[in-house]
Amino acid sequence: MTAPTRTPSSHTPTMSTSAGGTLHEPVIDWFDAHARDLPWRRPEAGPWGVMVSEFMLQQTPVNRVLPVYEQWLARWPRPADLAKEAPGEAVRAWGRLGYPRRALRLHGAAVAITERHGGDVPTEHAQLLALPGIGEYTAAAVASFAYGQRHAVLDTNVRRVLARAVTGVQYPPNATTAAERRLARELLPDDERTASRWAAATMELGALVCTAKNETCQRCPIAAQCAWQLAGKPAHDGPARRGQTYAGTDRQVRGKLLAVLREALAPVPQAVLDRVWDEPVQRARALDGLVADGLVEPLPGGLYRLPLT
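Here goes a summary of the coordinates provided. Being a predicted model, the structure only gives us computed values, none of them experimental.

**Some thoughts on the packing of helix α5 (residues 87-94) against helix α6 (residues 101-116)**
Close contact between α5 and α6 brings their axes to 8 Å; oriented N to C, the two are set at 135°. Taken together, the axes of α5 and α6 lie oblique to each other. Like other packed secondary-structure pairs, α5 and α6 cross with a definite hand, here right-handed. For the pair formed by α5 and α6, the contact residues are P87, A90, V91 and W94 on the first element and R102, A103, L104, L106 and H107 on the second. Of the residues assigned to the contact of α5 with α6, the class counts are seven nonpolar, one polar and one charged.

**Concerning the packing of aromatic side chains**
Across all of its chains, the model carries three aromatic pairs by this definition. Taken together, a centroid distance of 5.7 Å and an interplanar angle of 85° make the contact between W72 and W94 edge-to-face. With W72 in helix α3 (residues 62-75) and W94 in helix α5, this residue pair connects regions lying 22 residues apart in the sequence. Each member of the pair W72 and W94 is classed as buried. Members of the aromatic cluster, connected to one another through ring pairs, are W72, W76 and W94.

**A few points about the environment of P43**
Looking at where P43 falls in the secondary structure, it is placed in the loop between α1 (21-34) and α2 (46-57). For P43, a relative accessible area of 78% translates into the label exposed. Separated by 134 residues in the primary sequence, P43 and T177 have C-alpha atoms spaced 33 Å apart.

**Let's talk about the nonpolar core**
Counting residues in hydrophobic clusters, the biggest one holds 49 residues, and the most contacted among them are W48, M51, M56, W72 and L106. Elements supplying a minimum of two residues to this core: α2, α3, α5, α6, α8 (136-147), α13 (250-263) and α15 (280-292). Filtering out sequence-adjacent residues up to four positions away, M56 remains in contact with V65, V68, Y69, W72, W94, L97 and R102. In terms of nonpolar packing, the next biggest core, distinct from the first, is built from 30 residues, A141, V166, A195 and M203 among them.

**Details of the sheet that holds strand β2 (residues 297-299)**
Through backbone hydrogen bonds, the strands of a sheet pair up, either in parallel or in antiparallel fashion. Here we have three strands laid out as an open sheet, ordered β1-β3-β2, and antiparallel in their pairing. Of all the strands in the sheet, just β1 (268-269) and β2 have a single pairing partner and so form its edges. Pairing of β2 with strand β3 (residues 303-305), which is carried by three bridges, proceeds in the antiparallel orientation. Note on β3: the bridge partner recorded for P298 is Y304.

Each value, and the rule that gives it
- Residues numbered from 1 in each chain as written.
- Predicted model: local features only at pLDDT ≥ 70, side-chain atom pairs only at ≥ 80, totals over all residues.
- Heavy atoms only, no water.
- Axes fitted to C-alpha atoms, helices over the stretch in contact; angles between N-to-C directions.
- Helix = DSSP H or I, 4+ residues; strand = E, 2+ residues; numbered from the N terminus.
- Parallel < 35°, antiparallel > 145°, perpendicular 65-115°, else oblique.
- Left-handed = near helix turned anticlockwise from the far one by under 90°.
- Contact = heavy atoms within 4.5 Å.
- Nonpolar A, V, L, I, M, F, W, Y, C, P; charged D, E, K, R; others polar.
- Phe/Tyr/Trp six-rings, centres within 6.5 Å; stacked < 30°, edge-to-face > 60°.
- Buried < 20%, exposed > 50% of the residue type's maximum accessible area, 1.4 Å probe, protein only.
- Core = buried A, V, L, I, M, F, W, Y, C linked by side-chain atoms within 4.5 Å.
- Pairing = 2+ DSSP bridges.

Laid out in structure tokens, this is it:
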């Protein structure tokens, strides 16, 4: 269920979307001066580098992604290079980034790009969206960041910036709403290049300044126009926002099981996997989940390996 988010009342200052044009220049100018030099933002990254980064950055911080990203692109500089490999190799190379199903989805996208598009990441949003494992956000991000197109790119950071600057609330809803998508489209600059810069700039602003906690409004280029700031920064009016737990969860057990399989050069016996977690019911549930998700392949004789097909 989506947690309710405070709706600005009649006395809460709320920026009109018609004033959105006044946001573009200061935010983009700030981005030009303060954007991090990240490898997927460099021209040599190309569309494939952008796509790989978007898969890896979902729910994973930049500092953890950087070394894996560099190794991935060195090994698989084009989609066809990855498509030639077994999907289990993608899972192995994913390392400890977490949420390893993303590795299988990226491998599936690479196969589809090779088979359907001659090995080149497609330029059209609809073609991107048709690739396996790619949703609305990733399709819009690749079209915008790789090809400079005009799309509303709504990740957690962008949603938080728009919630505060325009809607006047501290946090956006837990799940993206139709109203948020409509607002993001209304705020898009008309010019394609400016729109793609705006998408990247608002994302960076949310990552570095308009953060979930300990935001630094004194560094914000639009603080004087921010509806949340003008309203006195009212606190989130809804259920407490809880951070994700990891220790002791099935997710942790899955990670430990995959770590053993990633290091192994041959199929691993059940007895070896049994050593990674003392609680047998949870361990079995985690292993069954990995098999169901296609991340682990069971073999006769109680052996397990990363998937080959």
